[in-house]
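Per-entry structural report
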There are 2 protein chains.
Amino acid sequence: MTEIPASDVDSVAFNDPAYRQAIVDLLGAIAYGELAAFERLVEDAKLATDLHDKLALGKMAKVQFDHIEPLLDRINALGVDPALAMQPFVASFDDFHAKTAPRDWLEGLIKAYVGDQLAADFYTEIAAFLDAGTRKLIVDSLDDAGHANFVVARVTQAIEDDPRVAGRLALWGRRLMGEALSQAQRVAVERDSLAALLAGGVDRPGLDLAALTRMFTRLTEGHAQRMETLGLAS
Amino acid sequence: MTEIPASDVDSVAFNDPAYRQAIVDLLGAIAYGELAAFERLVEDAKLATDLHDKLALGKMAKVQFDHIEPLLDRINALGVDPALAMQPFVASFDDFHAKTAPRDWLEGLIKAYVGDQLAADFYTEIAAFLDAGTRKLIVDSLDDAGHANFVVARVTQAIEDDPRVAGRLALWGRRLMGEALSQAQRVAVERDSLAALLAGGVDRPGLDLAALTRMFTRLTEGHAQRMETLGLAS
């Protein structure tokens, strides 16, 4: 268990019960997202025909799992049972994964890379509006320990070996982005607290509609850039 | 990467090419065993209906995965590609898991506990015949970080709640032991190096048939004891 400095949950922002609830929701969502990603990465590692590849994907999964515990510790420190905090987000993440089950090893790799990085960009955007302690906790939980490089190397090699796969994989990347956006929207609609978090509060800046649009533009651009890194159209 | 003291692979025992090969085989078998166990634990965690349980099994899986890297580092230090060292054992472990796929959460828990501890006992017995560096590496890789306690608590609670499950779970424990022994036998037959390791060498003590029988008796007794701890007949 990571020791949590009292100051981190004693930030004045936590005096606002709505903020407190929103942070519990956000950390619960991120924690369950990491748990679901962990399970799927291990599941997808079975598609690997090579033990090196299986180990590399297993290591990505392990890094995801290591991120969960500090989030759960913080939720505990905020006086909430982590399982309860995660529960509201189970359906959305499980749906996302059910609708984006990769059919082969390459689709699994792209999903690991694109999904993980998109989630990281999204949470980093939100973290900018939070108290310093929560912001650092979230940003630390998004470190992928450089494993993305492995995916880029494998996918670009596969496209070089057989350029015909690029079309199918580009479609796959678009589908991942579409499903992710649709689940994110669902969460925002279902959890008022998170929408309110983005709207800001008396003592916290928030996002107006124009700023929110710019945020989604940045997320889309980040995705497009990653697809390009992989040698795929977005 | 763990730094490996040169002395660990410079032990005089490694001057014997047969010993070297046997250690590579043994470490490859343990590493793939941990990798397969990791995958199955995560798979079985899906049977959990409760997020606490899912997290607890996920943590057991993560501990298994953390054990793999030092074994791979050592295989590398012995000049062998870890994937090649693991390859000969893929079929046996995969067969074991295919034949012992748990039908529910309780069977999954028992398999995690019984299988993991049986493997640990077996490797600990073998480690006693090895050079000090390899022995320590193996023993360290078997530390379950106290997660067995979680399984014992869950299973005994389930039997208390519904004593009728005990009969089915006792049969399940016997099947696990039977399948494990049959796969261990297969490995011993297929890999001469490992059988030779147990037989000893000029400068290393070995096991004669009587000692080997005593070893299997100890393994069986350990299994029976664990079944008893779970409240199950063996």
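Model, not experiment: these values are computed from the prediction.

Structural notes on the confidence of the model for chain A
Residues and elements named next belong to chain A. For chain A, the mean per-residue pLDDT works out to 87, and 94% of the residues sit at or above 70. Confidence scores differ between elements of chain A, with helix α1 (residues 6-10) showing the lowest mean pLDDT of 62 and helix α4 (residues 82-86) the highest of 96. Here the prediction assigns the complex a pTM of 0.84, and the interface score ipTM is 0.77.

Remarks on the environment of Gln157(A)
All names here are of chain A. When you line up the elements, glutamine 157 lands in helix α8 (residues 148-161). The exposure class of glutamine 157 is partly exposed, given its relative accessible area of 38%. Remark: the alpha-carbon pair of glutamine 157 and leucine 230, spanning 73 residues in sequence, is separated by 9.5 Å.

A word on the relation of the copies chain B and chain A
Expressed as a screw transformation, the operator carrying chain B onto chain A has a rotation angle of 180° and an axial translation of 0.0 Å, and the superposed copies differ by an RMSD of 0.0 Å. The superposition of one copy onto the other is thereby described by a two-fold rotation axis. Proximity to the rotation axis, assessed at the C-alpha, singles out Lys62(B) in chain B; its C-alpha lies 3.0 Å from the axis. The overlap is high: 100% of the interface residues of chain B also sit at the interface in chain A, so the same surface is used on both sides.

Let's talk about the interface of chain B and chain A
Listed per partner, the contact involves 26 residues of chain B and 26 residues of chain A. Here chain B and chain A share an interface that buries about 2300 Å² over both sides, 70% of which is from carbon and sulfur atoms. Counting the surface chain B buries against chain A, the share from its top three residues, Glu39(B), Leu51(B) and Leu55(B), is 27%. Our count for the chain B to chain A interface comes out at eight salt bridges. Note that Lys54(B) and Glu39(A) form a salt bridge whose closest N and O atoms lie 2.9 Å from each other. The tally of links between chain B and chain A comes to 10 residue pairs in polar contact (both at pLDDT 80 or more). Secondary structure elements with two or more residues in the side of chain B that touches chain A: α2 (17-45), α3 (51-77) and α4 (82-86) of chain B. Counting residues per element, the side of chain B that touches chain A draws most heavily on α3(B), which supplies 13 residues.

As for the packing of helix α2 (residues 17-45) of chain A against helix α3 (residues 51-77) of chain A
Residue and element names in this part refer to chain A. With their axes 8 Å apart at the nearest point, α2 and α3 run at an angle of 160° to one another. Taken together, the axes of α2 and α3 lie roughly antiparallel to each other. Judged by the sense of rotation from one axis to the other, the crossing of α2 with α3 is left-handed. Of the residues in the contact of α2 with α3, the class split is 18 nonpolar, three polar and five charged.

What about the packing of aromatic side chains?
Applying the stated criterion across every chain yields a total of nine aromatic pairs over all chains. Where Phe38(A) meets Phe38(B), the ring centres are 6.2 Å apart and the plane angle is 70°; that geometry is what we call edge-to-face. Separated into two different chains, Phe38(A) in helix α2 and Phe38(B) in helix α2 make up a pair that spans both. Given a relative accessible area of 1%, Phe38(B) falls into the buried group. Ring centres of Phe122(A) and Tyr123(A) lie 5.8 Å apart, and the angle between their planes is 50°; on these two criteria the pair is classed as tilted. The class for Phe122(A) is partly exposed, based on a relative accessible area of 22%. You can call Tyr123(A) buried: its relative accessible area is 10%. Among the aromatic side chains, those forming a connected cluster through ring pairs are Phe38(A), Phe65(A), Phe38(B) and Phe65(B).

The rules behind each value
Residues numbered from 1 in each chain as written. Chains lettered and ligands numbered in written order. Predicted model: local features only at pLDDT ≥ 70, side-chain atom pairs only at ≥ 80, totals over all residues. Heavy atoms only, no water. pLDDT = per-residue confidence, 0-100. Helix = DSSP H or I, 4+ residues; strand = E, 2+ residues; numbered from the N terminus. Buried < 20%, exposed > 50% of the residue type's maximum accessible area, 1.4 Å probe, protein only. Least-squares fit on C-alpha atoms with pLDDT ≥ 70 in both. Contact = heavy atoms within 4.5 Å. Buried area = accessible area lost by both parts, 1.4 Å probe. Salt bridge = Lys/Arg side-chain N within 4 Å of Asp/Glu carboxyl O. Polar contact = N/O pair within 3.5 Å; in protein donor to acceptor, adjacent residues only side chain to side chain. Axes fitted to C-alpha atoms, helices over the stretch in contact; angles between N-to-C directions. Parallel < 35°, antiparallel > 145°, perpendicular 65-115°, else oblique. Left-handed = near helix turned anticlockwise from the far one by under 90°. Nonpolar A, V, L, I, M, F, W, Y, C, P; charged D, E, K, R; others polar. Phe/Tyr/Trp six-rings, centres within 6.5 Å; stacked < 30°, edge-to-face > 60°.

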